[in-house]
Amino acid sequence: MREYLLTLCVTVAVTYLLTGPVRKFAIAAGAMPEIRARDVHREPTPRLGGIAMFGGLCAGLLVADHLRNLNGVFELSNEPRALLSGAALIWLVGVLDDKFELDALIKLGAQMISAGVMVMQGLTILWIPVPGIGTVPLTQWQGNLLTVALVVITINAVNFVDGLDGLAAGMVCIAAAALFLYAYRIWFGYGIESAAPATLFAAILMGMCLGFLPHNMHPARIFMGDSGSMLIGLVLAASAISLTGQVDPDALALFAGGERNATHAMLPAYIPLILPLTVIAIPMADLVLAIVRRTWKGQSPFAADRGHLHHRLLELGHSHSRAVLIMYFWSGLIAFGAVAYSVHSTSMWIVLAIAALSAVGLILLLLPRFTPRAPRWAEGLVPPRYRHAARAAEAAAEAALQDVSGAEPAPVRPVAAGVSGVNGATAVGPRSRFPDRRKAESAR
């Protein structure tokens, strides 16, 4: 565990320290696209944050290769080299897209080629554990096609959810943390060496996201761009494939009381058939909904719009920060809930806790639909919008304005609180210590 923590810390430090120079390079290179209709930020912000994240990935793999215990991962498996090869290719295509806006089909082809590069070096699905049946071996072509499909789906799921400051990096970090705990339990608890690469990949992925988040939290000073979103999507897919497609449930049979019980014990970490849906459930749901929505409207599945889950949260009335935190909450609940259930699947307390937290999440989702009024004795403990005095003052000010003008006041368009660029740092200037609180017209 100490070596994993050291690898994690090195990855965090390298990614964090590289992000500042990368931001200056992105500004100098002109990697600052114009504001699009679907964007929620208000000022051009540099991209190419994936360059720093790729540097963190390389640093983490390099450090792990020189540690006594983790060095065995590189000696006994070719998966780290396969990951680095595929990541380098998809990262390069992402950098070009951040600068020149490549066509969607070109990016799709690059994603498939990157997955194929990993497959050719051994990072592929060998079998599928099916509950009640056991291990179902796959032919070479079946495993290769399924691996490519899952890598492409995961990359696009992460790319689709990258729409708010800190959203994609935070959600992938939560997914990587859950996957790390599960893989470490299999590797260290059961002594199964084939789970070591997935554990290492998950630790490095956490470091990449944690190192980039301080620069990407609202108001973001730099975006990861496709060079970052496709990179962390590929690393997440590689971690999941390494764990679920190459760890033989037969190896767990000695500890779980039989192959069927072992397969059942691993079930919460699988999406239907293979990949851990639990750790990317929210991005995957966003991807499926986007494809259905665009196809229903007669549009291309790759056509951009403002119908993603994070856009809908803003339309409900949530602020930028609250929308991101709500997405974090649901991602953590699903991912860590599944990990807890896989450890104690017979405990009713886990099911009840997940149900209770789900109810809390639903309340948070619907919070803008009603504005509760706090009792007068508790007005000092709640935000101003929940106080009776503040509402009375707003009504009096509106009435006075109407009396002076003699006409109905012009309606004010609501602004999503915390929209990037309204009260944050500019793309070329330093972050202001005193945010500008003036009203700004929404980009929507």
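Residues numbered from 1 in each chain as written. Predicted model: local features only at pLDDT ≥ 70, side-chain atom pairs only at ≥ 80, totals over all residues. Heavy atoms only, no water.

1. Examining the nonpolar core
Consideration 1: One finds Y4, L57, L200, L205, L231 and I232 to be the most contacted residues of the largest nonpolar core, which totals 90 residues.
Consideration 2: A per-element tally of this core places helix α7 (residues 167-190) first, with 18 residues.
Consideration 3: Beyond its immediate sequence surroundings of up to four residues, L200 is in contact with Y4, T7, L61, A64, L70, V73 and F74. (Core = buried A, V, L, I, M, F, W, Y, C linked by side-chain atoms within 4.5 Å. Buried < 20%, exposed > 50% of the residue type's maximum accessible area, 1.4 Å probe, protein only. Helix = DSSP H or I, 4+ residues; strand = E, 2+ residues; numbered from the N terminus. Contact = heavy atoms within 4.5 Å.)

2. Thoughts on the side chain of R23
Consideration 1: As for its placement among the helices and strands, R23 is situated in helix α1 (residues 2-29).
Consideration 2: For R23, a relative accessible area of 10% translates into the label buried.
Consideration 3: Among the polar contacts made by the side chain of R23, one reaches the main-chain carbonyl oxygen of R221 at a distance of 2.8 Å. (Polar contact = N/O pair within 3.5 Å; in protein donor to acceptor, adjacent residues only side chain to side chain.)

3. Quick word on the side chain of D97
Consideration 1: Residue position: D97 is located in helix α4 (residues 79-100).
Consideration 2: Apart from the residues within four sequence positions on either side, D97 is in contact with L102, K107 and D226.

4. Comments concerning the pattern of salt bridges
Consideration 1: In total, this model carries three salt bridges according to the counting rule given.
Consideration 2: The residue E101 makes a salt bridge to R47 at a minimum N-O spacing of 3.3 Å. With E101 in the loop between α4 and α5 (104-120) and R47 in the loop between α1 and α2 (50-65), this residue pair connects regions lying 54 residues apart in the sequence.
Consideration 3: For R47, a relative accessible area of 9% gives the class buried.
Consideration 4: One salt bridge connects K107 with D97, and the closest N-O pair in it is separated by 3.6 Å. With K107 in helix α5 and D97 in helix α4, this residue pair connects regions lying ten residues apart in the sequence. Neither K107 nor D97 differs from the other in exposure class; each is buried. (Salt bridge = Lys/Arg side-chain N within 4 Å of Asp/Glu carboxyl O.)

5. Here's the deal with the packing of α2 against helix α8 (residues 196-216)
Consideration 1: Put simply, α2 and α8 touch, their axes get as near as 9 Å, and they point 140° apart. The pairing of α2 with α8 is recorded here as oblique in orientation. The element α2 and its partner α8 pack so that their crossing is right-handed. When α2 is examined against α8, the residues M53, G56, L57, G60, L61 and A64 are found in contact with a partner set consisting of L200, I204, M208, C209 and F212.
Consideration 2: Of the residues assigned to the contact of α2 with α8, the class counts are nine nonpolar, two polar and no charged. (Axes fitted to C-alpha atoms, helices over the stretch in contact; angles between N-to-C directions. Parallel < 35°, antiparallel > 145°, perpendicular 65-115°, else oblique. Left-handed = near helix turned anticlockwise from the far one by under 90°. Nonpolar A, V, L, I, M, F, W, Y, C, P; charged D, E, K, R; others polar.)

6. A look at unusual backbone geometry
Consideration 1: Here H218 and P219 are connected by a cis peptide whose omega angle stands at -5°.
Consideration 2: Looking at the secondary structure, you find P219 in the loop between α8 and α9 (225-244).
Consideration 3: Within the chain, L48 stands out as a residue other than glycine whose phi angle is a positive 65°.
Consideration 4: With respect to the helices and strands, L48 occurs in the loop between α1 and α2.
Consideration 5: Look at L48 and you get buried, because its relative accessible area is 3%.
Consideration 6: Positioned with a positive phi, E101 is a non-glycine residue whose angle comes to about 60°.
Consideration 7: Residue classification places E101 among the partly exposed residues on the basis of a relative accessible area of 43%.

7. Focus on the packing of α2 against α4
To characterise two packed helices, one gives the angle between the axes of the helices and the distance between these axes.
Consideration 1: Axis separation between α2 and α4 bottoms out at 11 Å; the angle between their running directions is 165°. With respect to their mutual orientation, α2 and α4 come out roughly antiparallel. Read as a crossing pair, α2 and α4 show a hand that is left-handed. For the pair formed by α2 and α4, the contact residues are G50, I51, F54, L57, C58 and L61 on the first element and P80, L83, L84, A87, A88, W91 and V95 on the second.
Consideration 2: A breakdown of the residues in the contact of α2 with α4 according to their chemical character gives twelve nonpolar, one polar and no charged.

Any functional reading would require information beyond the geometric quantities listed.
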